[in-house]
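# Examining the three-dimensional arrangement
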Amino acid sequence: MTVEQKRVVATEIPGPRSVELHARKNAAVSAGVGTTLPIYVERAGGAIVVDVDGNQLIDFGSGIAVTSVGNAAPRVVERVREQVADFTHTCFMVTPYEEYVAVAELLNELTPGEHEKRSALFNSGAEAVENAVKVARSATGRSAVVAFDHAYHGRTNLTMALTAKNMPYKHHFGPFAGDVYRVPMAYPYRWPTGPDNCADEAFATFVEMTHAQVGEDNCAAVLIEPIQGEGGFVVPPPGFLPRVAEWCREHGIVFIADEIQTGFCRTGDWFACEAEGVVPDLITTAKGIAGGLPLAAVTGRADLMDAVHSGGLGGTYGGNPVACAAALGAIETMREEDLVGAARRIEAVMRPRLAALASRHPAIGDVRGRGAMLAVELVEAGTKNPDPNLTAAVSRACHAEGLITLTAGTFGNVLRFLPPLVIGADLLAEGLDILDAAFAASAAS
Ligand code: PMP
């Protein structure tokens, strides 16, 4: 690793060079493209991001759950270097190449279930979700899709329709794609009759609404994140996912797990569905798959994936050879360095620290997540009223000390933590110390 795994705060954050670049950004880039923390990046390696002012920040965001293998991971860099020198593009739909096939084989092997599978590759998570819906519709001859409250599936027209939250994702961007229906998510912390009733009642409501408002025979797919990402790391209670998957199977409805944020070791399993033995019909992946290069996939039952007519799936860049080479390097890293185990070890360190923080700060209403996908939900003390202002203040205080943190949640009141799975124990502990101090400072002011 060429970047020293050490935090350095050399200037105010953001520093003067970053401030200058940000002025250029504001003059050149659409105001619609926001930034969480406007430090301008010069280099990054492992769990450290180096900015143009010489600050070295600890990364608790991984570019939104992407660089799980670490930034510029050696095996990814090596494979990309080789591939980019060999050839950069031919279009798999014109003249194919082995790297695409090898990624598809690995996806078929690694995703849950021993059944025969096929994969197709795309560029972004949203594109994968769109294509999973296309496959489900084509294979079933039905059109309706059921999605959940707090869901996030992307920013294209169909995936905006599937995404729950208005601001900033949907506001002023309608009309949206039709035949999308929304049901309550099994969200234990906010379930009206309490967490103990959540699994049973949420399942019953899902069945009732899908039956009454959609009709099983009209329903092509049910789409769910096994742990919601942008929605605030909502973990459904045990039993909910398996029952939804089973019910879909009984009615010939395609159960699609969107593992774009949860996949590839992030939750302490290769895929989050494994925690409850759920085998999705189709699974969408992206983000962590290729160590930072744009790649996404739909993987699933061969009979569904092969139901689509030839030429019906694809795109100019889908499964670009350089992105595929990166994926081969990333997956090799996950296997060789046991990143499933690493995610579990991160949880073993972080969860007690977050629980201790919650015991000191009544503003932390809930600590949740799994593996290296953990979050705290912030509320006005003694209530469950969301506190997005405190959430933003704590996050800003972390940034100022050189820790990259992200927020999430329908109400903007969730601080989420997604460190690279290769983060060293020292940096992890230091990041948690900064978070501790940020809470102390923000809660006091
Ligand atoms: N689904 C989930 C669960 C996601 O977390 C995201 C990205 N945050 C997407 C879909 C969309 O992925 P992309 O931004 O690559 O289009």
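Please refer to the structure higher up on the page.
Here's what I pulled together on the structure shown here. (Residues numbered from 1 in each chain as written. Predicted model: local features only at pLDDT ≥ 70, side-chain atom pairs only at ≥ 80, totals over all residues. Heavy atoms only, no water.)

## With respect to the sheet that holds strand β3 (residues 56-59)
Selection criterion: Should DSSP find at least two bridges between two strands, the strands are regarded as paired. Under the scheme used here, helices are H or I runs from DSSP no shorter than 4 residues and strands are E runs no shorter than 2 residues, and both carry numbers assigned from the N terminus.
Taken together, the 4 strands give an open sheet; going across it, the order is β1-β2-β3-β13, and neighbouring strands pair in mixed fashion. Edge positions in the sheet fall to β1 (41-45) and β13 (403-404), since each has one partner strand and no second. In the sheet, strand β2 (residues 48-51) pairs with β3 via 3 bridges, with the strands oriented antiparallel. Along β3, the bridge assignment pairs Val 49 with Leu 57.

## Regarding the packing of aromatic side chains
So the rule is basically this: Only centres within 6.5 Å qualify two rings of Phe, Tyr or Trp (six-membered ring in Trp) as a pair; their planes then separate them into stacked at under 30 degrees, edge-to-face at over 60, and tilted for everything else. Buried residues are those whose accessible area, probed at 1.4 Å on protein chains only, stays under 20% of the maximum for their type, while exposed residues exceed 50% and partly exposed ones sit between those limits. We call a charge positioned over a ring when the NZ of a Lys or the CZ of an Arg lies within 6 Å of the ring centre and within 35 degrees of the ring normal.
With the rule as written, the count across this model stands at 11 aromatic pairs. For the ring pair Phe 203 and Phe 206, a centre distance of 6.3 Å and an interplane angle of 35 degrees mean the geometry is tilted. Here the residue Phe 203 and the residue Phe 206 both occupy positions in helix α7 (residues 195-214), the gap between them amounting to 3 residues, near one helical turn. Summarising the burial analysis for this pair, Phe 203 and Phe 206 share the class buried. When the ring of Phe 264 is compared with that of Trp 270, the centres are 6.3 Å apart and the planes differ by 80 degrees; the resulting orientation is edge-to-face. Members of the aromatic cluster, joined through ring pairs, are Phe 148, Phe 203, Phe 206, Phe 240 and Trp 247. Sitting above the plane of the Phe 176 ring, Lys 170 keeps its charged end 5.1 Å from the centroid.

## Digging into the pattern of salt bridges
To keep it simple, the criterion reads: Between Lys or Arg on one side and Asp or Glu on the other, a salt bridge is scored when a side-chain nitrogen of the former is within 4 Å of a carboxyl oxygen of the latter.
Taken as a whole and assessed by the stated rule, the structure comprises 22 salt bridges. Note that Glu 401 is salt-bridged to Arg 7, the shortest N-O span being 4.0 Å. Residue Glu 401 is located in the loop between α12 (388-400) and β13, and its partner Arg 7 is located in the segment before α1 (16-28); the two are separated by 394 residues in the primary sequence. Accessibility expressed as a relative area gives 25% for Arg 7, which makes it partly exposed. Among the salt bridges present, the one from Arg 416 reaches Glu 230, with a minimum N-O distance of 2.8 Å. Of this pair, Arg 416 sits in strand β15 (residues 414-417) while Glu 230 sits in the loop between β7 (219-224) and α8 (240-250), placing them 186 residues apart in sequence. Connected through salt bridges with shared partners, the residues Arg 75, Arg 79, Glu 332 and Glu 337 form a single ionic network.

## Topic: unusual backbone geometry
Looking along the chain, the bond that leaves Ile 13 and enters Pro 14 is cis, with omega of -5 degrees. Residue Met 167 is joined to Pro 168 through a cis peptide bond whose omega torsion reads 0 degrees. On the secondary structure map, Pro 168 appears in the loop between α6 (157-162) and β6 (180-183). A positive phi angle is found at Ala 65, which is not glycine, with a value near 65 degrees. Here Ala 65 shows up in helix α2 (residues 62-65). For Asp 338, which is not a glycine, the phi torsion comes out positive at approximately 45 degrees.

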